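Secondary and tertiary structure notes
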Amino acid sequence: MSILFTIGYTVVCARRYLLGAIKQFLMLRGPDSDDNKVESMEHCEKFWYWLQDKGISAHRSAIVKAIALKVNGLLPGVYDADLYDDEDDDEE
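My aim in this report is to walk through the structure given alongside it, one point at a time. Since we're looking at a predicted model, the values are computed, not measured.

So, on to helix 2 (residues 40-53). The terminal C-alpha atoms of helix 2 lie 20 Å apart, and with 14 residues this matches the ideal 20 Å at 1.5 Å per residue to within 8%. Of the residues flanking the end of helix 2, it is Gly-55, one or two places downstream, whose phi is positive at about 95 degrees.

Let's shift gears to the side chain of Arg-29. By the secondary structure assignment, Arg-29 is in helix 1 (residues 2-29). On the basis of relative accessible area, Arg-29 is assigned to the buried category, the value being 16%. In contact with Arg-29, not counting residues within four places along its chain, are Lys-37, Val-38, Glu-39, Ser-40, His-43, Lys-46, Gly-77 and Val-78.

This part takes up a negative patch on the surface. There is a patch of like negative charges on the surface, built from Glu-39, Glu-42, Glu-45, Asp-80 and Asp-82. Relative to the helices and strands, Glu-45 is located in helix 2.

On to the nonpolar core. Judged by nonpolar contacts, the single largest core of 13 residues is most densely connected at Phe-25, Cys-44, Phe-47, Val-64, Ile-67, Ala-68 and Val-71. Going through the elements one at a time, helix 1, helix 2 and helix 3 (60-74) are the ones with two or more residues in this core. Residues within four places of Val-71 in sequence aside, it is in contact with Ile-22, Phe-25, Leu-26 and Val-78.

We now examine the packing of helix 2 against helix 3. Where helix 2 contacts helix 3, the two axes come as close as 10 Å, and the packing angle between them is 130 degrees. On the basis of their axis angle, the class for helix 2 and helix 3 is oblique. Between helix 2 and helix 3 lies a crossing of right-handed hand. The segment helix 2 lies against helix 3, with Cys-44, Phe-47, Trp-48, Leu-51 and Gln-52 engaging Arg-60, Ser-61, Ile-63, Val-64, Ile-67 and Ala-68. Considering only residue class, the contact of helix 2 with helix 3 consists of eight nonpolar, two polar and one charged.

What counts, and at which threshold
- Residues numbered from 1 in each chain as written.
- Predicted model: local features only at pLDDT ≥ 70, side-chain atom pairs only at ≥ 80, totals over all residues.
- Heavy atoms only, no water.
- Helix = DSSP H or I, 4+ residues; strand = E, 2+ residues; numbered from the N terminus.
- Expected span 1.5 Å × (residues − 1).
- Buried < 20%, exposed > 50% of the residue type's maximum accessible area, 1.4 Å probe, protein only.
- Contact = heavy atoms within 4.5 Å.
- Patch = residues over 30% accessible without salt bridge, like charges linked within 9 Å, V, L, I, M, F, W, Y side chains within 5 Å.
- Areas by Shrake-Rupley, 256 points an atom, 1.4 Å probe, with all protein chains shown as cover.
- Salt bridge = Lys/Arg side-chain N within 4 Å of Asp/Glu carboxyl O.
- Lys, Arg positive; Asp, Glu negative; His and termini not counted.
- Charge placed at Lys NZ, Arg CZ, Asp CG, Glu CD.
- Core = buried A, V, L, I, M, F, W, Y, C linked by side-chain atoms within 4.5 Å.
- Axes fitted to C-alpha atoms, helices over the stretch in contact; angles between N-to-C directions.
- Parallel < 35°, antiparallel > 145°, perpendicular 65-115°, else oblique.
- Left-handed = near helix turned anticlockwise from the far one by under 90°.
- Nonpolar A, V, L, I, M, F, W, Y, C, P; charged D, E, K, R; others polar.

This is the structure in structure tokens:
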């Protein structure tokens with residue numbers, strides 16, 4: 001019984017952290033105004049530095065990309081993948 005509780009607790013914690021990361025990603029976007037429009041690259045850099053401030057030292061770029069793609073699926077236009085060079089495309 002305790003193994004199931006531990007697995008369930010881990011899933012709940014993972015969901016909470018994922019939702020917290022998505023919330024922070026959206027908050028860092030900030031409001032757009034006529035003078036200042038937050039572009040995709042600036043937005044992702046803000047999130048990358050936020051992760052660094054929180055002590056995430058590994059795979060920050062992959063985390064940023066994963067969260068950005070997930071949020072873009074929910075809210076199209078938040079992330080523009082065409083702005084970034086994908087190293088996997090160079091291998092073909």
